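# Structure at a glance
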Amino acid sequence: MDHKSESDSSAADRFAQAPDVMPPSFTPARVRHEQGASAASPALEHSAAQRSEDLEPTPLIDGAKKTQHSMLMNMLQWVSLVAIALLVAVVGKTFFVQSFVIPSGSMENTLLPGDRIFVNKLVDQADELHRGDVVVFRDPGGWLEGVQQPKQGQAAEFFTRAGEAIGLIPKDLGTHLVKRIVGVGGDHVVCCSDAGNITVNGVAVTEPYVRAGVKPSDVPFDVTVPKGYLWVMGDNRSNSQDSRYHQAQTGFGFVPVSSVEGRAWMIFYPFNRFGWITSGDSAFAQVPNNAG
């Protein structure tokens, strides 16, 4: 019994001397894991937060970049559109169409002073021009003496200058005329028949485009149109210094085909006048061909 008591006392003394906190070398594995995770958490959180900040966009800088990019794209698109418009205008002017302003009342009521018209520049050769066509041509010499050009407002002046700059409107705008073809090369044109009509190659012509209340011509004439030339007259026959007038003044009232800019085909301004310029070729349907 004494031996057993002595052993128990010795074991109790040893446990009594054990520290309340285990030394580090004796830390349990589970505790060591929890301590390690707890110690590492702040560092991991800081690292993750840093990466998040690096990836997260800065609203001010990114917004400014997007705005600059958008402005640049808009500017490039606008410049492209302007370049295309200029190219179309120049190509159109060179090959297809050009605009002109009607300066007087000589073509009333088909065309009125101030009308803006488009001219088909592809139609300017003798075999493409027909009786009844309305054509624009350069002054063959002395046809515009004493004729005053209509004044333009500031807006019209601006667009005229802009059109001249890109070639859509001719720089020599004030040297053009517009009339209707009545006779082509080789035609025998006479005024007038017993009924008061103009005859072409012996056939009396009824002209529906002549201004209402106006005679086909108050001036008698009898001409044969030379090859390569045209006999032209205004639709407002009592107020048009056309081939008749210049034939009487100079003995030669014909217009060279080479002076023709093209055939008028559309009124585009003012908008309440917008529409096609119809040809009067049907009036000459019964006129026979000539030797010209």
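Rules used in this analysis
- Residues numbered from 1 in each chain as written.
- Predicted model: local features only at pLDDT ≥ 70, side-chain atom pairs only at ≥ 80, totals over all residues.
- Heavy atoms only, no water.
- Buried < 20%, exposed > 50% of the residue type's maximum accessible area, 1.4 Å probe, protein only.
- Helix = DSSP H or I, 4+ residues; strand = E, 2+ residues; numbered from the N terminus.
- Pairing = 2+ DSSP bridges.
- Salt bridge = Lys/Arg side-chain N within 4 Å of Asp/Glu carboxyl O.
- Polar contact = N/O pair within 3.5 Å; in protein donor to acceptor, adjacent residues only side chain to side chain.
- Contact = heavy atoms within 4.5 Å.

Take the pairing of strand β3 (residues 134–138) next. The buried fraction of β3 amounts to four of the five residues, a majority that puts the element mostly inside the structure. Relative to strand β4 (residues 176–183), β3 runs antiparallel, the two being bridged by five bridges. Residue valine 134 lies in a different strand from β4, and its bridge partner there is arginine 180. Sheet topology places β3 next to strand β11 (residues 260–269); three bridges connect them, and they run antiparallel. Pairing of phenylalanine 137 across the sheet is with valine 260, part of β11.

On to the pattern of salt bridges, then. Enumeration according to the criterion identifies nine salt bridges in this entry. Arginine 237 is the partner of glutamate 207 in a salt bridge, and the nearest nitrogen-oxygen pair spans 2.8 Å. Taken together, the residues span a long stretch of sequence, with glutamate 207 in the loop between β7 (203–205) and β8 (221–224) and arginine 237 in the loop between β9 (229–233) and α5 (243–250) at a distance of 30 residues. Across the pair, arginine 237 and glutamate 207 agree in class, each one buried. Each member of the salt-bridge network shares a partner with another, and the members are Lys121, Arg138 and Glu261.

What follows is about the pairing of β9. With four of five residues buried, β9 is to be regarded as a mostly interior element. When β4 meets β9, the two strands line up antiparallel, connected through three bridges. Of the residues in β9, the one forming a bridge with glycine 183 is tryptophan 231. Pairing of β9 with strand β10 (residues 255–256) involves two bridges; the strand directions are antiparallel.

What follows deals with the side chain of aspartate 133. By secondary structure assignment, the location of aspartate 133 is in the loop between β2 (116–120) and β3. Only 2.9 Å separates the side chain of aspartate 133 from the backbone nitrogen of histidine 130, close enough to count as a polar contact. Within the local environment of aspartate 133, its side chain forms a polar contact with the side chain of serine 279, the two groups lying 3.0 Å apart. When residues no more than four places from it in sequence are discounted, the contact partners of aspartate 133 are Glu128, Lys179, Arg180, Ile181, Arg263 and Ser279.

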